[in-house]
2 protein chains.
Amino acid sequence: MRTSIATVCLSGTLTEKLHACAEAGFDGVELFEPDLLASPTSPEEVGALARRLGLSLDLYQPFRDAEGVTEPELAAVLHRARAKFRLMQRLGVDTVLVCSNVGTATVDDDAVSADQLRRLGDEAQAHGVRIAFEALAWGRYVDDYRRAWRIVERADHPAVGVCLDSFHILSRGHDPAEIAQIPAEKIFFLQLADAPALTMDVLSWSRHHRLFPGEGSFDLAAFLAHVLDAGYTGPVSLEVFNDTFRQTDVQRTARQAKRSLTWLEDQVARRPLRSRRPDGPSRLPDVGQPVAFDFVEVKAEDAGEVDEVLRMLGFTFRGHHRSKPVRLWTQGAARVLCNEHLAREWAPTLAAIGMEVPDPEASVRRARLLGAPSVFRRTRAGEQDLVAFRAPEGTEIFFAEPSLAEPTWVPEFDGGEEPGGAPALTIDHVNLAHPWQTFEESVLFHTSVLALRSQGTQEVAAPTGLVRSRVMRSDDGAVRLALNVAPVLDRGLPQHVAFRSPDVVAAARAARARGLHPLPIPANYYDDLAARFDLPAAVLDEMRELGVLYDRDESGGEFRHFYTRTVGAVFFELVQRDGGYDGYGAAGAPVRLAAQHLASAGR
Amino acid sequence: MRTSIATVCLSGTLTEKLHACAEAGFDGVELFEPDLLASPTSPEEVGALARRLGLSLDLYQPFRDAEGVTEPELAAVLHRARAKFRLMQRLGVDTVLVCSNVGTATVDDDAVSADQLRRLGDEAQAHGVRIAFEALAWGRYVDDYRRAWRIVERADHPAVGVCLDSFHILSRGHDPAEIAQIPAEKIFFLQLADAPALTMDVLSWSRHHRLFPGEGSFDLAAFLAHVLDAGYTGPVSLEVFNDTFRQTDVQRTARQAKRSLTWLEDQVARRPLRSRRPDGPSRLPDVGQPVAFDFVEVKAEDAGEVDEVLRMLGFTFRGHHRSKPVRLWTQGAARVLCNEHLAREWAPTLAAIGMEVPDPEASVRRARLLGAPSVFRRTRAGEQDLVAFRAPEGTEIFFAEPSLAEPTWVPEFDGGEEPGGAPALTIDHVNLAHPWQTFEESVLFHTSVLALRSQGTQEVAAPTGLVRSRVMRSDDGAVRLALNVAPVLDRGLPQHVAFRSPDVVAAARAARARGLHPLPIPANYYDDLAARFDLPAAVLDEMRELGVLYDRDESGGEFRHFYTRTVGAVFFELVQRDGGYDGYGAAGAPVRLAAQHLASAGR
């Protein structure tokens, strides 16, 4: 499957974009006209640079307001088209995107549009180029790909075909199944974009909020399957207008874009396709979802305060690593590493997450094929081989085999105590705080590399602004990552690890006895609980005393949880799920965020 | 007119919000429940703090999902309501906002809703409080203020009235004129919010994009007039959910909010009102719009490079200020000050704009009443008194009387040359680059303080992201400020001053002869001009040679312009308007931004 990307997806100058696309492994690019106009590089240089970088120039775009016009206007269109066709010859690009008329159309007649496209086609043919006609979702008259195809069919010109764009088709809810009725040789080009489910005018949605495949809510695997089944063999090209990607690092965004197509190709390859071709979509290694958390690691120059919090939560100190300044704490299946190796000036930070996966080697191969950046950690003979990948917000992700008892790396630690005592915990979820600009990349990373599934986005008010939160989880809920997006001006959102306990109130009381001061929760919160739920006074009093929060879902499932104070940039939570409660206590989140804000200000 | 503001409008903790509201001069606040729940401050303390600060607690809000429910659900509603009414007693607040049911309503019947509100009203009355019922724009059954009033009328209970919210009414396009049919004593509360004209689901629009009056596109003066004409005498309260205001400085946002009500009150006072009351809206001093730019000032530790650019543009050096290290350059009515006073480590920056206004003293009084921050500049005996106000992005705004010839402050400069020579220029517009978080504040500032009118927003692609741009102008176009919003990650957007010339091509040629190297414009841009417009080859060649850009509007009006390179954080533009062209060459803006990006990278 040949991959391409429109230069408008990326930040930077045209030459920076071309370099980034080549480095990310794309086969070609769509040249977005404004990128060329703003470039001091001549068309001949652009063509030569692309060839040197191994990129084909697959499409020149867009040519606007071409058809449905009056005869005098058509003369100006043909004048403009001839200049652009000559430019395409200089560039060495043979297809131009002509989108349906938005600005100047006054004639709503397939016959007229077909005739005008045919005349444009004659000009194109004379210049050795061809026209891909696309229905914009907001075209004045032509806003449906089926009508665009009817017009192209009627134009009946070898240099005139259609361009299909997933956004324009799926945003309008048009059925992509009818793509199969278009002859393959008349599909001149294919553009893909994902998008979040938004209810807004389609032009703004398109111009600002498009996403790479896997980041939004369109079923692009089904869409692409329809196009491939029609026999399309041209490039699969991304055209993603997105306010964030326009300003983030060009190389990183290009790699993210390429990853989205690699993932999508695998998704399509797993579907039954009518037309199998040698260059059809290829599959990634089969990996299941993670089956459990293996460990979390906190890195710090001095992790002593974290050790202390873990001790008060009932964790057992299991010893020092035999070759590195790393300490292990466990409680049941919850394992926390305190790593002081190469951590100069690190405040305590969540640095790594271990995942138990069915086939770690396959997971590593898959991550590599998806271009996930790998992390190098020195190991010694006899120690577990450590292969890790860096998630977009910086956390390292390790893969290990599922372990019924303790994992085989635990004996690398010695000098500690035997486990036991406090009730066993598991890691329930890990909360990864993000700056706003890596959120979409993270959704794609965890979808494609870890095969986690994305849930809906929630918003929670903090004193410093709205925090956006989306959970990525395995279907059985054994592994859950909450991606939290900090307000733009707030650089201080901490990460956190939530441990699941069978009895949070008892755990809170035991922790208190060991000296823990949990995050203080305001009395006003408990007055509201009393108003909302029929909780016995004694139960409420105990929660109030221990700083335990409470939530109940519609079917009566219950959630009890409490938080430690923040140490450096990390804190811990203990949660208890009863009666099938499957959320995260969103109602308490603003209370927690405000309490942390006050605590960080020393109030 | 009593002013109030909902705590949800602001960032920070509840006590920070109360302090900021009091300092900004509000008479009261609406207490947003989540702010109280997340606060360690007890209800009694909150009430006492508000009283000490001179703030009334005008409303407790919101109470959700109260009516249209089944009888068993109503029992839970009444339980919850009793707890909240007791809480209101502890706080010392007598009105609660009950919004129309979104989540639990199953009965779509005015009689049932009226009956349930009546029973809530009995409980309220027993606690000495009252209920203001509001139709949410997205209420499941009740989504129109007229239906909310019908229900309240039917409930016929002294403790049950309506709350009117401009957003819920105007966002749905409901006619506010029918407010006049609601008896004044049954309008228990009034909430105001402005909003931009967006086409999106009303819930997201409401939760993220509300604005303070004067910042959006609602006609709030007409709306408020309807409410006052109905005889309403309660507080006029802002309820603005906005993602930006939730994270910006609480004191600054509170002052901005207060300014919006001061401006709105003046707007209403200028309308014919049926009901005039002693505490009705009051007027600001009458000021017209600015009639011309007086000067612009560039501040720099070393402004030598700016001097040089001005000289090459044909400006005359008019001398040094007699008491400060400030130099004056003029060309016709275009006056530029190069100020090196107290400018240590300043790169050249646009620091101040002088405006000629009909009555400078009235403008100063108006700015003070609007809470515009004033700027102190030392003057000496015999020098012009300098009164200035700081616009939100930092530029100082000075007021002066209109001058037919040169202003009276020019003779403070000596040692320069006589003006003349190059064709006279005027200042056409000034372009103020903003970080994203001060844009709305600036729209309000220039609307209220300078009486400029806001035009629509445009977006322009730069290599570093999308730049948003909105022009604020006087009706006759003599004074125009373009507010440009930089992409979030781009801290380097420069300011610029555009001078209007009768002949830009001649001016560019003369400047070239004096040694100016204009911003280089790519050849590709001119190839596109040739495709789009029927310009003679010689004309195109001359523009290409001189770096002059070109635009044409739909009625044939023409725009020619060129840019200097950026010096520090400022650059200059020369523009020529012919045939009624009234824009700013938006088509060339991406080309200019890319050229500046390349120039700043030294390419």
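Since the structure is predicted, the reported quantities are computational estimates derived from the model, not experimental observations.

What counts, and where the lines are drawn
Residues numbered from 1 in each chain as written. Chains lettered and ligands numbered in written order. Predicted model: local features only at pLDDT ≥ 70, side-chain atom pairs only at ≥ 80, totals over all residues. Heavy atoms only, no water. Helix = DSSP H or I, 4+ residues; strand = E, 2+ residues; numbered from the N terminus. Buried < 20%, exposed > 50% of the residue type's maximum accessible area, 1.4 Å probe, protein only. Contact = heavy atoms within 4.5 Å. Areas by Shrake-Rupley, 256 points an atom, 1.4 Å probe, with all protein chains shown as cover. Lys, Arg positive; Asp, Glu negative; His and termini not counted. Charge placed at Lys NZ, Arg CZ, Asp CG, Glu CD. Pairing = 2+ DSSP bridges. Axes fitted to C-alpha atoms, helices over the stretch in contact; angles between N-to-C directions. Patch = residues over 30% accessible without salt bridge, like charges linked within 9 Å, V, L, I, M, F, W, Y side chains within 5 Å. Salt bridge = Lys/Arg side-chain N within 4 Å of Asp/Glu carboxyl O. UniProt positions renumbered as here; feature names shortened; annotations may be inferred. Parallel < 35°, antiparallel > 145°, perpendicular 65-115°, else oblique. Left-handed = near helix turned anticlockwise from the far one by under 90°. Nonpolar A, V, L, I, M, F, W, Y, C, P; charged D, E, K, R; others polar. Least-squares fit on C-alpha atoms with pLDDT ≥ 70 in both. Domains from an automatic or database assignment. Buried area = accessible area lost by both parts, 1.4 Å probe. Polar contact = N/O pair within 3.5 Å; in protein donor to acceptor, adjacent residues only side chain to side chain.

With that settled, consider the overall build of chain A. Looking only at helices and strands, chain A has 17 helices and 25 strands in total. Each principal axis of the C-alpha distribution contributes one length, and for chain A these read about 85 × 60 × 45 Å. Relative to its 603 residues, chain A shows a buried fraction of 61%. Taking all contacts inside chain A whose residues are at least 6 apart in sequence as the whole, residues at least 24 apart take part in 75%. Per element, the accessible surface of chain A, about 22300 Å² overall, is 49% carbon and sulfur. When the 66 basic and 84 acidic side-chain charges of chain A are each reduced to a single mean position, those positions are 2 Å apart.

Before going further, it helps to examine the sheet that holds strand 2 (residues 28-32) of chain B. Residues and elements named next belong to chain B. Strand order in the closed barrel formed by eight strands is 1-2-3-4-5-6-7-8, with parallel pairing between adjacent strands. In this sheet, adjacent strand axes meet at a mean angle of 30° when their direction is disregarded. Pairing of strand 3 (residues 56-63) with strand 4 (residues 95-99), which is carried by two bridges, proceeds in the parallel orientation. Across the sheet, residue Phe-63 finds its bridge partner in strand 4, namely Val-98. Lying over the sheet, helix 6 (residues 145-155) contacts strand 5 (130-134) and strand 6 (160-165), oriented at roughly 170° with respect to strand 6.

Another aspect to go through is the pairing of strand 23 (residues 549-552) of chain A. Residue and element names in this part refer to chain A. Both strand 23 and strand 24 (residues 558-563) contribute to a ladder of four bridges, which runs antiparallel. The residue bridging Leu-549 from the neighbouring strand is His-561, located in strand 24. What sits between strand 23 and strand 24 in their antiparallel hairpin is a turn of five residues, with Gly-556 showing a positive phi close to 90°.

This part is about a negative patch on the surface. Where like charges cluster on the molecular surface, the negative patch consists of Glu-301, Asp-302, Glu-305 and Glu-345 of chain A. With respect to the helices, strands and loops of the structure, Glu-345 of chain A is situated in the loop between strand 12 (334-339) and strand 13 (349-356).

Residues and elements named next belong to chain A. Per the UniProt record, the feature "binding site: Mg(2+)" (unreviewed entry) sits at His-429, His-496 and Glu-573. Taken together, the annotated residues stretch across 145 residues yet fold into one region, lying no more than 9.5 Å apart by C-alpha. By the element assignment, His-496 lies in strand 22 (residues 495-500). Under the relative-accessibility criterion, His-496 is labelled buried at 2%. Mapped onto the secondary structure, Glu-573 falls in strand 25 (residues 570-578). Under the relative-accessibility criterion, Glu-573 is labelled buried at 2%. Setting aside chain neighbours within four positions, we find Glu-573 in contact with His-429, His-496, Val-497, Ala-498, Phe-499, Phe-559, His-561, Phe-562 and Tyr-563.

Glancing now at the packing of helix 14 (residues 504-513) of chain B against helix 16 (residues 537-546) of chain B. All names here are of chain B. Axis separation between helix 14 and helix 16 bottoms out at 10 Å; the angle between their running directions is 40°. One way to sum up the angle between helix 14 and helix 16 is to call them oblique. The two elements helix 14 and helix 16 meet at a crossing, and its hand is left-handed. Seen from helix 14, the contacting residues are Val-505, Ala-508, Arg-509 and Arg-512; seen from helix 16, they are Glu-542, Glu-545 and Leu-546. Considered class by class, the residues forming the contact of helix 14 with helix 16 number three nonpolar, no polar and four charged.

In the superposition of chain A on chain B (RMSD 0.0 Å, axial shift 0.0 Å), the rotation amounts to 180°. Both copies are brought into coincidence by an operation consistent with a two-fold rotation axis. Taking the C-alpha atom as reference, chain A places Met-200 of chain A closest to the rotation axis, 1.8 Å from it. Residue by residue, 100% of the interface of chain A is reproduced at the interface of chain B, so both copies engage with the same surface.

Time to look at the pattern of salt bridges. Evaluation of the coordinates by the stated rule reveals 85 salt bridges over all chains. One salt bridge in this structure joins Arg-335 of chain A and Glu-356 of chain A, with 3.5 Å as the shortest N-O distance. Here Glu-356 of chain A lies in strand 13 and Arg-335 of chain A lies in strand 12, a separation of 21 residues in the sequence. Judged by its relative accessible area of 3%, Arg-335 of chain A falls in the buried class. One salt bridge in this structure joins Arg-118 of chain B and Asp-115 of chain B, with 3.4 Å as the shortest N-O distance. Highlighted residues: Arg-118 of chain B and Asp-115 of chain B, both in helix 5 (residues 110-126), separated by three residues, approximately one helical turn. Judged by its relative accessible area of 30%, Arg-118 of chain B falls in the partly exposed class. One salt-bridge network, held together by shared partners, links Asp-266, Arg-270, Arg-283, Asp-286 and Arg-366 of chain A.

Here the focus is the sheet that holds strand 19 (residues 453-462) of chain A. All names here are of chain A. Here eight strands make up an open sheet; going across it, the order is 19-20-21-18-22-25-24-23 and the pairing mixed. Among the strands making up the open sheet, the edge pair consists of strand 19 and strand 23. The average undirected angle you get between the axes of adjacent strands in this sheet is 20°. In terms of strand pairing, strand 22 meets strand 25 through six bridges, oriented parallel. Counted as the bridge partner of Gln-495 is Val-570 from strand 25.

Residues and elements named next belong to chain A. What the domain assignment reports for chain A is domain 1 (3-269) and domain 2 (292-600). Here the C-alpha centroids of domain 1 and domain 2 sit 44 Å apart. Counting residues at the interface gives 15 residues for domain 1, matched by 18 residues for domain 2. Roughly 1400 Å² is buried in total at the junction of domain 1 and domain 2, and carbon and sulfur atoms are behind 57% of that figure. Of all residues in domain 1, Arg-252, Arg-259 and Trp-263 bury the most surface against domain 2, accounting for 45% of the area lost on that side. The interface formed by domain 1 and domain 2 holds two salt bridges in total. A salt bridge links Glu-441 to Arg-252; its shortest N-O distance comes to 2.9 Å. Linking domain 1 with domain 2 are four residue pairs in polar contact (both at pLDDT 80 or more). Classifying every residue of the side of domain 1 that touches domain 2 gives four nonpolar, seven polar and four charged.

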